[in-house]
Amino acid sequence: MGIWVFAEEISGAPSPGSLELVSKARDFGDVSVFYVGAGSDEAWAALGDHGATAVSHLDTGSTLPSGPAAAALAELVGDASVVLFGMGNTDRDVAGRLAAKLGKPVVANVLDLSVDGAVSVKSEILGGTKAVTTEITTDGPAIVVTRPKAFTASPSGGTAPAVTTVASPDSGRAGAAAITEQHSEDSDGPSLEAADVVVSGGRGLGGAEKFEMMDELAALLGGAVGGTRAVVDAGWVPYSYQVGQTGKTVKPSVYIACGVSGAMQHLVGMKGSNTIIAINKDPEAPIFSVSDLGIVGDLHEVVPQLIEALKARA
Amino acid sequence: MNIAVCVKQIPDPATPYELDDANHWVIRPEDQVLDDTDRSGVEIALQLAEATDGTVTLYSMGPSGSLQGVRQALAMGADEAVIVEDEGLKGSDALTTARILAAAIQQKGFDLVVAGTESTDGYTGVMPQMMSEFLDVPCLSFARKVDAGDGQVTIERQTSTGYDVVAAPIPALVTVTAGIEPRYPTFKGIMQAKSKPVTTMTAADLGVSQDATQVIRSVEPVPAREAGEIVEDDGEAYQKIVALLEDRKVI
Ligand SMILES: Cc1cc2nc3c(=O)[nH]c(=O)nc-3n(C[C@H](O)[C@H](O)[C@H](O)COP(=O)(O)OP(=O)(O)OC[C@H]3O[C@@H](n4cnc5c(N)ncnc54)[C@H](O)[C@@H]3O)c2cc1C
Ligand SMILES: Nc1ncnc2c1ncn2[C@@H]1O[C@H](COP(=O)(O)O)[C@@H](O)[C@H]1O
């Protein structure tokens, strides 16, 4: 029995999502972590501090992790009740491959789970408009892919876990993909996922250069800048800015959406924000249905006025 | 290069989805459209096929009905389509879908499989990865750019901090994001699509059966967030924002 959590290393540390999952997994017994990345004492300490008792560590080097990680994990999970994944790209790659290896289903977009004999999960479907409770009826590990920020990372004060190095298994053709270059497109300022204020721009901004205005507004509020998939696809900002179903999930105190229509795939990633402010010239824009304050107007007038007013106070 | 592209037909996202009270499945209208994400997959496949003098075969699984969505992809330029249509597959999960599509793709053979990162209606985002395991090929996922040639495929893979360049020998599978701008079908393409070969199969033809692995216990509406104050900008609306930011103590 027991529960496994998949953790991918991002910028030298366990992904923020993995610490959320480890925290939640404590509810169900001993937590083993399968960690993919270079690893470090700081990483083990962070995992232990959130409740992990054991870590299996696989460093796939320049090999794309999904092939070898799924092969190694399939050998380890045994009769665990649950294997928990986040929604990260590598998380989903490993979850899918592992499920196919074990012949087990995957439930995705999960917001809550219970493990008492049977594994039951709560997920939202149809763009977060319906909540579904599903019971997994197969034996053996249930493979559960959870939405970011479904759970809160909370330290338990645990000590450093026992770390076992996993030898890279021969995963044959599945492991034949190599990472040949890595590029970071990170911006300055607080990270999008941790920021207390998020200023988000959509296609209504009209062009890449208008994101300077978003940067300025975010800087004045000590916040971070995000965007919709439309502006990412248009190449105005990097993918690391994307908020929504396929991007990041944010829950800041204040979310300011400028020229964002509020498509359901965007709302999924930000409707948990405490206060939502939207500026959109279309009074019918769906973003207004989740806004605490909606301004029907031209963002090219409202945002500069707002920036001036904030500067005047500084 | 022979390219297999997975395309899903979905109910038009512009109209609200309804669930069947009895089994909680999405009620699928007779007319379904091509999932937008898969339009990008078709585009990539067409570009690679054009560059390598290859072929593009579409694979789609779903309940029987019109093939409007698949025809849209044929009209963009794909050569043929293989449809797995089986009433017994209604409500299939990603695992069954992956088994079926992998078996169908295997029958004809392939150099490269292209799928979307996630479907608009189901958005589990794991079906292609499962398929890659059944096909025993590497899965190069979340590609915003794909190049192929000399027995190799290279992509730019989106990551949470930027992007990685990832390369693998073919055969391989790639999943593409919607960032790749798809072409519009031409009039000629639409006319030609009508006579392109479409093969229909059942799950039994492929030797795959579906196991029930999960039971839906309940479906409930999620309480909508309450909409707040909406004001028309009269040149002073920014002050409302300032006041709210003050109230929330962020300034
Ligand atoms: C499977 C899938 C996954 C997806 N994942 C995501 C995701 O993770 N994140 C995401 O954001 N989207 C996602 N999408 C895309 C989503 O469906 C929308 O297409 C996208 O969010 C729209 O972006 P937008 O609001 O910037 O653009 P639009 O929808 O084009 O909206 C622009 C808005 O700007 C307003 N506007 C224009 N000019 C002005 C002006 N001068 N002043 C004020 N307002 C103005 C317009 O009224 C309009 O409402 C996904 C889609 C699919 C199918
Ligand atoms: N029934 C299907 N028929 C063909 N392709 C599918 C089907 N279901 C999923 N796919 C492909 O797999 C991708 C991811 O789907 P999903 O796992 O449902 O989010 C989609 O973008 C499609 O390319």
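What you see is a predicted model, and the numbers here were worked out from it, not measured in a lab.

Draft legend 1. Region of the structure containing helix α1 (residues 36-52) of chain B. Residues and elements named next belong to chain B. Between the first and last C-alpha of α1 there are 25 Å, a value that for 17 residues agrees with the 24 Å anticipated at 1.5 Å per step. Here α1 has its buried residues at Thr 37, Asp 38, Ser 40, Gly 41, Val 42, Glu 43, Ile 44, Ala 45, Leu 46, Leu 48 and Ala 49. The N-capping residue of α1, defined by a side-chain oxygen 3.2 Å from the backbone nitrogen of Thr 37, is Asp 35. Residue Asp 53 follows α1 closely and has a positive phi angle near 60°.

Draft legend 2. Region of the structure containing the nonpolar core. Counting 55 residues, the largest nonpolar core has Phe 34, Leu 73 and Phe 85 of chain A together with Val 113, Met 130 and Met 131 of chain B as its most contacted members. Among the elements that make up this core, the one with the highest residue count is helix α3 (residues 94-108) of chain B (eight residues). Discounting chain neighbours no more than four positions away, the residues touching Phe 85 of chain A are Phe 6, Leu 21, Leu 73, Asp 91, Val 94, Ala 95, Leu 98, Ile 143, Val 144, Val 145 and Thr 146 of chain A. Grouped together as the second largest cluster of nonpolar side chains are 38 residues, Met 1, Val 42, Val 114 and Ile 180 of chain B included.

Draft legend 3. Inspection of the domain arrangement of chain A at higher detail. All names here are of chain A. We note that the domain assignment places domain 1 (3-175) and domain 2 (197-313) within chain A. Computed over C-alpha atoms, the centres of domain 1 and domain 2 are 32 Å apart. Facing the eleven residues of domain 1 at the interface are ten residues of domain 2. For the pair domain 1 and domain 2, the summed buried surface comes to about 780 Å²; carbon and sulfur atoms form 40% of the total.

Draft legend 4. Main features of a nonpolar patch on the surface. Residue and element names in this part refer to chain B. Nonpolar side chains collect at one region of the surface, where Phe 187, Ile 190 and Met 191 lie side by side and expose about 330 Å² of accessible area between them. By secondary structure assignment, the location of Phe 187 is in helix α5 (residues 187-193). Residue classification places Phe 187 among the exposed residues on the basis of a relative accessible area of 65%.

Draft legend 5. Layout of the interface of chain A and chain B. Taken together, the contact pairs 87 residues of chain A with 76 residues of chain B. Of the roughly 7100 Å² buried at the junction of chain A and chain B (both faces included), carbon and sulfur atoms supply 56%. In this structure, the connection of chain A to chain B is made through eight salt bridges. One salt bridge connects Glu 133 of chain B with Arg 97 of chain A, and the closest N-O pair in it is separated by 2.7 Å. Where chain A touches chain B, the interface holds 39 residue pairs in polar contact (both at pLDDT 80 or more). Looking at the side of chain A that touches chain B, the element that brings in the most residues is helix α4 (residues 89-102) of chain A, giving nine residues. Of the residues belonging to the side of chain A that touches chain B, the class tally is 35 nonpolar, 32 polar and 20 charged. Across four bridges, strand β16 (residues 293-296) of chain A lies against strand β13 (residues 229-232) of chain B in parallel orientation. Note that in β13 of chain B the partner of Gly 294 of chain A across the bridge is Ile 230 of chain B.

Draft legend 6. Expanded view of the state of the cysteines. Residues and elements named next belong to chain B. All chains considered together, the criterion is met by zero disulfides over all chains. In this structure Cys 6 is a free cysteine whose sulfur lies 11 Å from that of Cys 139, the closest cysteine sulfur available. Residue classification places Cys 6 among the buried positions, given a relative accessible area of 6%.

Quick notes on the rules
- Residues numbered from 1 in each chain as written.
- Chains lettered and ligands numbered in written order.
- Predicted model: local features only at pLDDT ≥ 70, side-chain atom pairs only at ≥ 80, totals over all residues.
- Heavy atoms only, no water.
- Helix = DSSP H or I, 4+ residues; strand = E, 2+ residues; numbered from the N terminus.
- Expected span 1.5 Å × (residues − 1).
- Buried < 20%, exposed > 50% of the residue type's maximum accessible area, 1.4 Å probe, protein only.
- Polar contact = N/O pair within 3.5 Å; in protein donor to acceptor, adjacent residues only side chain to side chain.
- Core = buried A, V, L, I, M, F, W, Y, C linked by side-chain atoms within 4.5 Å.
- Contact = heavy atoms within 4.5 Å.
- Domains from an automatic or database assignment.
- Buried area = accessible area lost by both parts, 1.4 Å probe.
- Patch = residues over 30% accessible without salt bridge, like charges linked within 9 Å, V, L, I, M, F, W, Y side chains within 5 Å.
- Areas by Shrake-Rupley, 256 points an atom, 1.4 Å probe, with all protein chains shown as cover.
- Salt bridge = Lys/Arg side-chain N within 4 Å of Asp/Glu carboxyl O.
- Nonpolar A, V, L, I, M, F, W, Y, C, P; charged D, E, K, R; others polar.
- Pairing = 2+ DSSP bridges.
- Disulfide = S-S within 2.5 Å.

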